[in-house]
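# Architecture at a glance
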Amino acid sequence: MKRILLSIFGILALAFATLTPAFAQSKGTVYYLVPTLLDEFQTGSVSALEMFLKQVGYEMKTLNADNKTDAQQSQMNDVIALKPAAIILAAVDFNALKPSVESARAAGIPVVEFDRPITSTKSDFTSVAGTVEIGHVAADSAEKLLKEKNGAVKGKILQVLGDPGDPYTLDIQKGFEEKMKAFPDVKIISLPAMQWEASNAGTIVSDQLQANPDIDLIFSHAAHLSVAAVASLESAGKKPGDIMLMSSNGAPVGLDLIRKGWLNVEVEQPLYAQAAAVAMLMDKIVNKQEIKPGEYDVIGLKGVVTNEEWGPNLKVPGAAIDKSNVDDPKFWGNQKPPTDKIKSVE
């Protein structure tokens, strides 16, 4: 009997010894406060962050604010009370969430700004696409498209922004318009799709087709807004190619619209790289170690960290997608996540 008991204890000890490394890999829980799950970039960000954080030893839980500022503020308060390893925040409203960021950091909880920077107060890390640069890439594409259609860089552009409380869309607008200033014969009409609602974008396009039937190009700041734009164009009797279309973020629906002939250019927001950067640096963030400025290889893209007033800030470049490269698996809209595992930055 004694031998049997010893054998059982030995088996149990071996089992626990085998399981210990798996438990040891969990470095804590990170909460991701996502603004909405209405578009594919946001749903994709949840999957990408969860995948990459798991590779470096963190569990992730997600809370969706459904584009409601007060809901996200309440979620921040609840999460602060839980004292997680870190909070990743994509703010519904960057002004309204400033006090919540300050409260979390005062409680000793690191805060990472993902995709939507809050520049009015300090955070522990910010990972964004080069949004002003996305605007520049879009302007370069608009220049080419207008020249091909009109023989010169002239015409009328309807720019459908996202919500004006989101710095992502404001930075794209800034980059786009500052480059287009070089072309005085181009008129830009800019209108916001409040709360990033596709139906709002559809209404804007429908109304502007009536007010400005000579629109040459529609530039929406997200692919799901372009879907609504196409629906309005179809309702107006338009066919692919009648009015040129561009959008930015690189979602699957945008790539599908390229394949169907509706969309001329989709400027990708590098979702996978933005998420990978957060995971690569999470150990430093949690342990409050210095994140040194300079270049970082982020799954094959050149990310650049700079020290800003709001803390260490990493930008990752985007790229223009058209019918010539739409099937390239490196674009997140083709939904083929990188297979190489990432490692924490030492």
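Everything below is about the structure printed above this text.
Quick look at the structure, then. If you're wondering where the values come from, they're calculated on a predicted model, not measured in any experiment. (Residues numbered from 1 in each chain as written. Predicted model: local features only at pLDDT ≥ 70, side-chain atom pairs only at ≥ 80, totals over all residues. Heavy atoms only, no water.)

### Overview of the overall build of the protein chain
Of the regular secondary structure elements, the protein chain holds 11 helices and 14 strands. Taking all 346 residues of the protein chain together, the buried fraction comes to 51%. By element, 54% of the accessible surface of the protein chain is carried by carbon and sulfur atoms, the whole surface being about 15,800 Å². Positive and negative side-chain charges of the protein chain, numbering 34 and 42 respectively, have mean locations separated by a distance of 5 Å. (Helix = DSSP H or I, 4+ residues; strand = E, 2+ residues; numbered from the N terminus. Buried < 20%, exposed > 50% of the residue type's maximum accessible area, 1.4 Å probe, protein only. Areas by Shrake-Rupley, 256 points an atom, 1.4 Å probe, with all protein chains shown as cover. Lys, Arg positive; Asp, Glu negative; His and termini not counted. Charge placed at Lys NZ, Arg CZ, Asp CG, Glu CD.)

### Side note on the pairing of strand S7 (residues 186–192)
Strand direction decides the pairing type here: strand S6 (residues 155–161) and S7, joined by seven bridges, are parallel. Opposite Leu161, over in S7, you have Pro192 as the bridge partner. Between S6 and its parallel partner S7, the chain crosses via helix H6 (residues 167–180), and the hand of that crossover is right-handed. (Pairing = 2+ DSSP bridges. Right-handed = clockwise from strand over helix to strand, strands pointing away.)

### Looking at H6
Its 14 residues give H6 an end-to-end C-alpha distance of 20 Å, which sits within 8% of 20 Å, the value for a rise of 1.5 Å per residue. Those residues of H6 that sit buried are Pro167, Tyr168, Thr169, Ile172, Gln173, Gly175, Phe176 and Met180. Along its buried surface, H6 packs onto helix H5 (131–150), S6, S7, strand S8 (217–220) and strand S9 (244–249). Sitting at the amino-terminal end of H6 is Asp166, which places a side-chain oxygen 2.9 Å from the backbone nitrogen of Tyr168. (Expected span 1.5 Å × (residues − 1). Contact = heavy atoms within 4.5 Å. Polar contact = N/O pair within 3.5 Å; in protein donor to acceptor, adjacent residues only side chain to side chain.)

### Focus: the side chain of Gln75
Inspection of the secondary structure assignment puts Gln75 in helix H3 (residues 69–82). The class of Gln75 is buried, set by a relative accessible area of 13%. If near-sequence neighbours (up to four positions away) are discounted, Gln75 is found in contact with Leu33, Leu63, Asn64 and Ala65.

### Let's talk about the sheet that holds strand S12 (residues 301–308)
Taking strand neighbours across the sheet as the criterion, the eight strands line up as S2-S1-S3-S4-S5-S13-S12-S11 in an open arrangement whose pairing is mixed. Edge strands, defined here as strands with exactly one partner in the open sheet, are strand S2 (59–64) and strand S11 (294–298). The sheet shows a mean angle of 20 degrees between the axes of neighbouring strands, taken without regard to direction. Taken together, the six bridges between strand S1 (residues 29–34) and S2 define a ladder with parallel strand orientation. The residue bridging Val34 from the neighbouring strand is Asn64, located in S2. Sheet contacts for H3: S1, S2 and strand S3 (86–89); angle to S1, the most-contacted strand, approximately 175 degrees. Each of S3, strand S4 (111–114), strand S5 (125–129), S11, S12 and strand S13 (311–316) is contacted by helix H10 (residues 271–280), which is oriented at about 160 degrees to S5, the strand it contacts most. (Axes fitted to C-alpha atoms, helices over the stretch in contact; angles between N-to-C directions.)

### Observations regarding the nonpolar core
Judged by nonpolar contacts, the single largest core of 48 residues is most densely connected at Ile157, Leu158, Val160, Phe176, Met180, Ile218 and Met246. The element that contributes the greatest number of residues to this core is H5, accounting for six residues. With residues up to four places along the chain from it excluded, the contact list for Phe176 reads Gly135, His136, Ala138, Ala139, Ala142, Ile157, Gln159, Ile188, Phe219 and Met246. Among the nonpolar cores identified, the runner-up in size contains 41 residues, and Ile88, Ala276, Leu281 and Leu314 belong to it. (Core = buried A, V, L, I, M, F, W, Y, C linked by side-chain atoms within 4.5 Å.)

### Comments concerning the packing of aromatic side chains
In total, this model carries four aromatic pairs according to the counting rule given. Summarising the aromatic geometry, the rings of Tyr168 and Trp196 are spaced 6.0 Å apart at their centres and angled 50 degrees between planes, so their arrangement reads as tilted. Of this pair, Tyr168 sits in helix H6 while Trp196 is found in the loop between S7 and helix H7 (198–211), placing the two residues 28 residues apart along the sequence. The exposure class assigned to Tyr168 is buried, which follows from its relative accessible area of 4%. (Phe/Tyr/Trp six-rings, centres within 6.5 Å; stacked < 30°, edge-to-face > 60°.)

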